[in-house]
Every structure is written in structure tokens, then in C-alpha cells.
Amino acid sequence: TPSQTNGAQVGKKLPLTLAANETKGLDDLVKAWFGAGLLGEGGLGTLEIRPLDGANPLSTFASSRTYAIDSNTVGDNANCQLVRCTLGQFIPALGLDKFISNVGFDAKNKISLQQLSNSLDATGFRTNLGFVEGSGFPATMRLTLRNGANAILNQVQRTIPAYGHEQTSLSAVFGNLALSDGRVEVEVISAGGKVSSYASVVDNRTKDPLLVFPVQGEKVSAQHYVVPGVAELNN
């Protein structure tokens, strides 16, 4: 579904069959499989995966990597062996059961996007925000920007169409505010619609991105956490 369109009216689809226990990679999915990004068509949006023919939706999962290619280099392949590519950004698929509906139905229906940063110069970080509707109904969201001390810096409303997607900058949503370590809280205030959100924090100097995955903090019950991979390497 292209960004900023009504996904109930606009979009492309294709069938894909996986055999039992099969893993399949779709290289350069947006352009090669859907033709997006060509002939002036936008290459930004969302990909929805729907199980058909009685398939168990809990038995399949998906992830992706979005990366940039050096425009001065000729050639391309899936592993960036022939071209210079950025490290990219890993983006896992998100189950529809993780989307939030009207906060009036459940006060815990809130998404938190944490550890966001927004610099007013070119030496720090900038943050992009993404919103997606997954149930086929338009949704109105209340977005709250808080600093590290939980003080509200700004609060706005934003509407997204059915199956819609929008990615924009934190400054475009809340104004050009300096933020060293803050968070955005997302709530649905319309009667219909189910929403999820994400953030991408980009280093202005290196262009390295960090995906901030949506968390419903008030529904987290774990008390013990493990960070499975950390490193400090001299290379």
C-alpha cells in the first residue's frame, strides 16, 4: 500500500505459497515484485501479509531490511556484494494483534516510542515517525511528545486512512523542538481503526538509523530481561 493513500481503494497484491518449513527471501521486494519506485510512483508504504486458504497465521513470520545503495555505483544484488550499501535498518513484521484500538475501550491501549532525539543542527540526531492502520477503517490518533522527565512538550491529533501509512519527521508533527531523550505516546481516539507506530532515529553525521519498535508499556508483565548480543570492538 503506497504511503498516504486509502489502502481499501489503492494497492497491489500478489500470491505467495510457502511449503511446509520453507524459508523464502524476496529480493528488492518493493521494486522487483511490485514495481514501486519506478515511473514516478512512490516507493514508500507498507506491506501486509494475509494468510489464505485456512493457513495458520501464527505459523508464519516475516522480516525485512531496508538499505540505501550508493548512487555512483553500478550494479546491485540482494547481499550488496557488487555495490556499496548502507548498513540498513532491520524491520520485523508486526502482528495485527499488537495494534491498538480506541483508548476508551482499554486505558492500556497506548504505544510508547522511546529514546527519541531531535537536534536543531547537523551534528546530532533526527527522528522520523511512522504510522500505519491495519484493520481497514480510518483512525484518528492523539500523539503526545514527552521529555525524559515525562513533561508534555506538545500534543496533537492526526488522522490516517484505512490501511493507510504515513512517515514524517518528528519536527513536522510537533514543531522544531530540541530533544535529547524523549518519547512519543500514541493513542487511538476514534471509534474505529487499529494503529501501530514506529520511529527511526538517524545519526545526522553517519546516516546510521536505529529502529524504535512500538511498545505497549502498560501491558508488559516481564520482570527479567536479557539483551542477547552486546559488543565493544576495536575495529
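Note: the structure precedes this text.
Please read all numbers here as calculations on a predicted model, not as lab measurements.

1. A few points about the sheet that holds strand S3 (residues 111–118)
If you trace the four strands from one edge of the open sheet to the other, you get S3-S8-S5-S6, paired in antiparallel fashion. Each edge of the open sheet is held by one strand with a lone partner, namely S3 and strand S6 (152–160). For this sheet the average axis-to-axis angle between neighbouring strands, irrespective of direction, equals 25°. As paired strands, S3 and strand S8 (residues 179–188) are joined by five bridges and run antiparallel to one another. Its bridge partner lying in S8, Ser112 is registered against Glu185.

2. Description of the pattern of salt bridges
If you walk through the whole model with that rule in mind, you get twelve salt bridges. A salt bridge links Glu22 to Lys24, with the shortest nitrogen-to-oxygen separation between them at 3.8 Å. Judged by relative accessible area, which is 39%, Lys24 ranks as partly exposed. Note that Glu166 and Arg158 form a salt bridge whose closest N and O atoms lie 2.8 Å from each other.

3. What to know about unusual backbone geometry
Even without being glycine, Gln4 reaches a positive phi, approximately 60°. With respect to the helices, strands and loops of the structure, Gln4 is situated in the segment before helix H1 (29–33). Since its relative accessible area comes to 60%, Gln4 is described here as exposed. The backbone of Asp28 sits at a positive phi, close to 50°, despite the residue not being glycine. Within the element layout of this structure, Asp28 appears in the segment before H1.

4. Observations regarding the environment of Pro214
With respect to the helices and strands, the residue Pro214 is situated in the segment after strand S10 (209–212). Spatially, the C-alpha atoms of Pro214 and Leu113 are 5.7 Å apart, while their sequence positions differ by 101 residues. In contact with Pro214, not counting residues within four places along its chain, are Leu94, Ile111, Ser112, Leu113, Ser196 and Ser197.

5. So, a nonpolar patch on the surface
A grouping of Leu14, Leu16, Leu18 and Trp33 is seen on the molecular surface, where their side chains present a nonpolar patch of about 330 Å² in accessible area. As for its position among the elements, Leu16 is in the segment before H1.

6. So, the sheet that holds S10
On the basis of which strands lie adjacent, the open sheet formed by four strands has the order S7-S4-S9-S10 and antiparallel pairing. With one partner strand each, in any of the chains shown, strand S7 (165–169) and S10 form the two edges of the open sheet. For this sheet, the mean angle separating the axes of adjacent strands, direction not counted, is 20°. Sheet analysis places strand S9 (residues 195–203) next to S10, joined by four bridges and oriented antiparallel. For Val201, the partnering residue across the bridge sits in S10 and is Leu210.

The rules behind these values
Residues numbered from 1 in each chain as written. Predicted model: local features only at pLDDT ≥ 70, side-chain atom pairs only at ≥ 80, totals over all residues. Heavy atoms only, no water. Pairing = 2+ DSSP bridges. Helix = DSSP H or I, 4+ residues; strand = E, 2+ residues; numbered from the N terminus. Axes fitted to C-alpha atoms, helices over the stretch in contact; angles between N-to-C directions. Salt bridge = Lys/Arg side-chain N within 4 Å of Asp/Glu carboxyl O. Buried < 20%, exposed > 50% of the residue type's maximum accessible area, 1.4 Å probe, protein only. Contact = heavy atoms within 4.5 Å. Patch = residues over 30% accessible without salt bridge, like charges linked within 9 Å, V, L, I, M, F, W, Y side chains within 5 Å. Areas by Shrake-Rupley, 256 points an atom, 1.4 Å probe, with all protein chains shown as cover.

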